[in-house]
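Chains, contacts and geometry: an overview
Given next are the chains, with one letter for each unit.
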Amino acid sequence: MKVLEALLQSGANPVLLLVVQIALILGLSRLLGLIFTRLHQPQVVGEMLAGIMLGPSLFGWLAPHAAAMVFPAASIPYLNVLSQLGVICFLFLVGLELDPKLIRNRGHAAVAISHVSIVAPFLLGGALTLFLYPRLFNDTPQMQFRSVALFMGASMSITAFPVLARILTERNLHKTKIGAISITCAAVDDVTAWCMLAFVVGIARAQGLRGGLITAGLSVLYVAVMFLLVRPFLRRLQQTYERQQRLSQMMVGLIVLMILVSAYLTEIIGIHALFGAFLLGAIMPKAGAFVKAINEKLEDFVVVVLLPVFFAYTGLRMRVGVLDTPEMWFYCGLIIFVACLGKFGGSTLAARACGLGWRESGAIGILMNTRGLMELVILNVGRELGVITDAVFAMMVIMALITTALTTPILHLVYPQRKMEQEQILDASGGYSVLIPVSRPASGRSLVQLASALIGSNDTDRRLLALNLSRPIDRDAYRAGIDAEQAPEANNSLQPLLDEALKQKVPVTPVTFTSRDFASDIARTARLRHVDLILMGFHHPVYTSSILGGTVHRVMTGSDTDVAIFVDRGNTAGIPGKILVPYMGSKHDRLALELAGRMARNRNVEVTVLHVSAPGGNSGDNKLHAKSETDRVFNDPTQPLPVTLRNVEGDSPVDLVVEQSKEFDLVVIGVAEEWGLESQLLGFRAERIAQEVTAPLLIVRKHGNFHAARGLPPEKIKSAQQTAAATA
Amino acid sequence: MSAASRPTVVYVVMLACSIFGLWVILTLGRNLKPPPDLSGQWQLTPLTPETANMGSTMLVEQSGRFLQIAFANGATVSAQMDGPQTPSHVPLASDWSIIEFNGLDHLDTAQLVMNPAHEDRTDTWKIRRVSQPAVASRGSH
């Protein structure tokens, strides 16, 4: 506290105070954003909440003295300037992202849903004003019924395009019909909302009919100038960029200047600075990399620094304390109900009327009900104009927070993962199939060679799936960035694998999507695609030295499929010629035998089964069992395979394997405590076999019940399990 | 009706409904009257020597019928407009007193009357509004 006070002795120094304020805002906003992301909520919900927490609703309520020191009234105008600047730049970015194709090439369903999703909440918002106006509004010149009703309607019809796009991307819904319709509707809503805002602001500020006509005339003139003069100039800028292949500082300066001038003009005309910024972004030529380059220059600072300041500024102006009676909370509930009824109900019914199923229609309705940051922007405008009171502002902020936070969980309920998976399940072919998750492009080549040996070349139904998962990039938190930015990266990651597959003449199906949880998405994809084996490369986990830790551990323990981890020594030259399979009888060892058998069958490699047993003991039975298993796998009467069974005894199975492995090109081994190979989430000790065996390793883990997988009847499974337990 | 004209008809109907709905809302709303605006900073002048000392100013934050009054002496009151209001008589009910704003005129002056609950006395002030919440006008950002 003393440190804080010392820091805030800077009360006399506004710059130091501003630095402290921004540091606090940034810290809390990033922290809550992170926590909410972990809770599968949009990051923006956490950041909005952080802003509210810093205001009188929490910080000021819990520690009024400290709050007054950190955010004295005299400092608020500085934050206001920063936040206004942030929102102006953000609206430019929103306009920049607006893809005209989304609006132009849309089907009848999207057209109908998008229009109803605006009209229904707009009218319901206006109708609600009839009830709230005598109760929650004051008799001031700014709060005339016409302005209030139009503003309430506009603020109810907002959809947060960026948050919606983010949710779609995270749930991999953006390529589905629901995703396509929702994105189109949200894009239309976005354009409509900012035009509506300009209209409402124009009405609210117009002084008499003459003033209104002047505003309307100037607005039309401004839009015409933007399209007829500014747009061709922007095309020239784009051509210059394409010629130079870089965005010079001069060009960035020019663009920022244009944003400011456009915002200034619309503010002077009377339709708000935000519309000017948005329109400039919207008319930017979208082809090529020009728009992306501008984005990269501006976005991080705006999104990371300025927007949290905007949230904090909103929080500082919002006081939940004004809602201090049950009646006020009833009105708050009513606003939330009407907002959801208009947006969710309208969109759902429109989607249903367009022929979509109830579940899909409900999902679209829920997505369209996301308001997020956009609602805060429009509410702050209303507050500045004096169109809404403190209580209505607080109620609407709560509504924005709740509708945004509810989207993901309700979407899970209405359109659960299970349902999505049912739709995505593909027919399983009869052939052996392998899924290769690729995280490092360099590992793709050796994995394809191995996979090709496993699936062979004779089976026409064989399948190889190359999976590339990418983490959602930060900018997705505020903006869509759906396909354009991720596809090239995904292709780059898979390219070496695809090239090698072409060489090996193995048919590959590439699968790419965004994932927050690689391990569970790998397991899920394997389940949905009915693959027989997940074949992964190995990279040292970040925090441990164990091979079978981290993501590998989670894939091994969490998937319903057999898993093989390939530890490449960098000396693999094509298909291995000699394979060693250490064997002690566990189900994982048997899987190792079967995989080695597959390679022997498909590539005619030489397999040696190294049966290890303890000195003395029941070695006769064990040898018999090892022999019968080896025969089962290798002695196919139609195609006998070259195999050697070596029986060795020793106290340390690991030492025996290390010693015997020297003459082999590949060691295929099951996970087992005896081999020192145990799957563990946080293993700080590297596996000895992995360290000391110089040949490449394929560590395999059999999923679930091996005997059931082989189709044995339940009564035989029990006795087989007892035998296996005894032998192991 | 041809397949192409059907969506057009749907949109014309939807547009007509929207315009009609908006017209109905605006027409109905024209007759509505919100509560008188009392928000802002007020200067207090006691009218009798016995009047309680609440400080020289008070800040009224108003959201329709709901008010929060903060006096300069630190006392705060959450009050709610009670009964019919006109600019010349605005009765308020709160937990600890009955408050009235009487005779609010175009010069923003009025009389504030407070009857603390369970006390047999009436405090009266002459009040004058010195500032109202700031509102952004055109080009004021």
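See the structure printed just above.
This structure is a prediction, so every number in the text was calculated from the model and none was measured.

**Re the pairing of strand 12 (residues 697–701) of chain A**
Residues and elements named next belong to chain A. Burial analysis of strand 12 places 4 of its 5 residues in the buried class, which makes it a mostly covered element. For strand 5 (residues 562–567) and strand 12, the ladder comprises 5 bridges, and the chain directions are antiparallel. Each bridged residue has a counterpart across the sheet, and for Ile565 the counterpart in strand 12 is Ile699. Where strand 11 (residues 666–670) lies against strand 12, 4 bridges are found, and the strand directions are parallel. Paired with Gly670 across the two strands is Val700, which belongs to strand 12.

**Here we look at the pattern of salt bridges**
Evaluated as defined, the whole model comprises 18 salt bridges over all chains. For Lys33(B), the salt bridge goes to Asp139(A), with nearest N and O atoms at 3.1 Å. Highlighted residues: Lys33(B) in the loop between helix 1 (5–30) and strand 1 (40–46) and Asp139(A) in the loop between helix 8 (108–136) and helix 9 (145–156), drawn from two different chains. Residue Asp562(A) is joined to Lys702(A) by a salt bridge in which the shortest nitrogen-to-oxygen separation is 3.3 Å. Of this pair, Asp562(A) sits in strand 5 while Lys702(A) sits in the loop between strand 12 and helix 29 (706–709), placing them 140 residues apart in sequence. Taken individually, Asp562(A) and Lys702(A) each receive the classification buried, so the pair is uniform in this respect. The structure contains a network of salt bridges with shared partners spanning Arg319(A), Arg383(A), Asp390(A) and Glu61(B).

**Comments concerning the side chain of Ser262(A)**
The residue Ser262(A) is located in helix 13 (residues 249–269) in this model. Sequence-distant contacts of Ser262(A), defined by excluding residues within four places in its chain, comprise Tyr222(A), Met226(A), Gly276(A), Ala277(A) and Leu280(A).

**Topic: helix 21 (residues 444–455) of chain A**
Residue and element names in this part refer to chain A. For helix 21, with 12 residues, the first-to-last C-alpha span of 16 Å sits near the 16 Å given by 1.5 Å per residue. Summarising burial for helix 21: 11 of the 12 residues are buried, a large majority. Of the residues making up helix 21, those classed as buried are Gly444, Ser446, Leu447, Val448, Gln449, Leu450, Ala451, Ser452, Ala453, Leu454 and Ile455. Immediately downstream of helix 21, the backbone of Gly456 shows phi near 75 degrees, a positive value.

**Some words on the packing of aromatic side chains**
Throughout the structure, instances matching the rule amount to 11 aromatic pairs over all chains. Ring centres 6.3 Å apart and planes at 70 degrees place the aromatic pair Tyr331(A) and Phe66(B) in the edge-to-face group. Of the two residues, Tyr331(A) sits in helix 16 (residues 326–353) while Phe66(B) sits in strand 3 (residues 66–71), which places them in two different chains. Take Tyr331(A) and Phe66(B): they sit in the same class, and that class is buried. Ring-pair connections join several aromatic residues into one group, and the members of that group are Phe131(A), Phe330(A), Tyr331(A) and Phe66(B). Here the guanidinium or amino end of Arg598(A) rests over the ring plane of Tyr432(A), the centre of that ring lying 3.7 Å away.

**Some thoughts on the nonpolar core**
Residues and elements named next belong to chain A. With 135 residues, the main nonpolar core has Phe92 and Phe137 as its most contacted residues. When residues of this core are assigned to their parent elements, the largest contribution, 14 residues, is made by helix 11 (residues 177–205). With residues up to four places along the chain from it excluded, the contact list for Phe92 reads Ile255, Ile259, Ala277, Phe278, Leu280, Gly281, Met284, Ile294 and Leu298. Ranked by size, the runner-up nonpolar core spans 42 residues in total, among them Leu494, Leu593, Phe634 and Val668.

**Some thoughts on the sheet that holds strand 2 (residues 463–470) of chain A**
All names here are of chain A. Taken in spatial order, the 10 strands make up an open sheet running 3-2-1-4-5-12-11-6-7-10, and their pairing is mixed. Only two strands of the sheet have a single partner each, and these edge strands are strand 3 (508–514) and strand 10 (643–649). Each adjacent strand pair in this sheet contributes to an overall mean axis angle of 20 degrees, direction not counted. In this structure, strand 1 (residues 433–437) lies alongside strand 4 (residues 533–537), joined through 2 bridges in parallel fashion. The residue of strand 4 that forms the bridge with Val434 is Leu533. Against the sheet, helix 27 (residues 653–660) makes contact with strand 6 (578–583), strand 7 (606–613) and strand 10, and its axis sits at roughly 155 degrees relative to strand 7, the strand it touches most.

Reading the values: rules and limits
Residues numbered from 1 in each chain as written. Chains lettered and ligands numbered in written order. Predicted model: local features only at pLDDT ≥ 70, side-chain atom pairs only at ≥ 80, totals over all residues. Heavy atoms only, no water. Buried < 20%, exposed > 50% of the residue type's maximum accessible area, 1.4 Å probe, protein only. Helix = DSSP H or I, 4+ residues; strand = E, 2+ residues; numbered from the N terminus. Pairing = 2+ DSSP bridges. Salt bridge = Lys/Arg side-chain N within 4 Å of Asp/Glu carboxyl O. Contact = heavy atoms within 4.5 Å. Expected span 1.5 Å × (residues − 1). Phe/Tyr/Trp six-rings, centres within 6.5 Å; stacked < 30°, edge-to-face > 60°. Lys NZ or Arg CZ within 6 Å of the ring centre and 35° of its normal. Core = buried A, V, L, I, M, F, W, Y, C linked by side-chain atoms within 4.5 Å. Axes fitted to C-alpha atoms, helices over the stretch in contact; angles between N-to-C directions.

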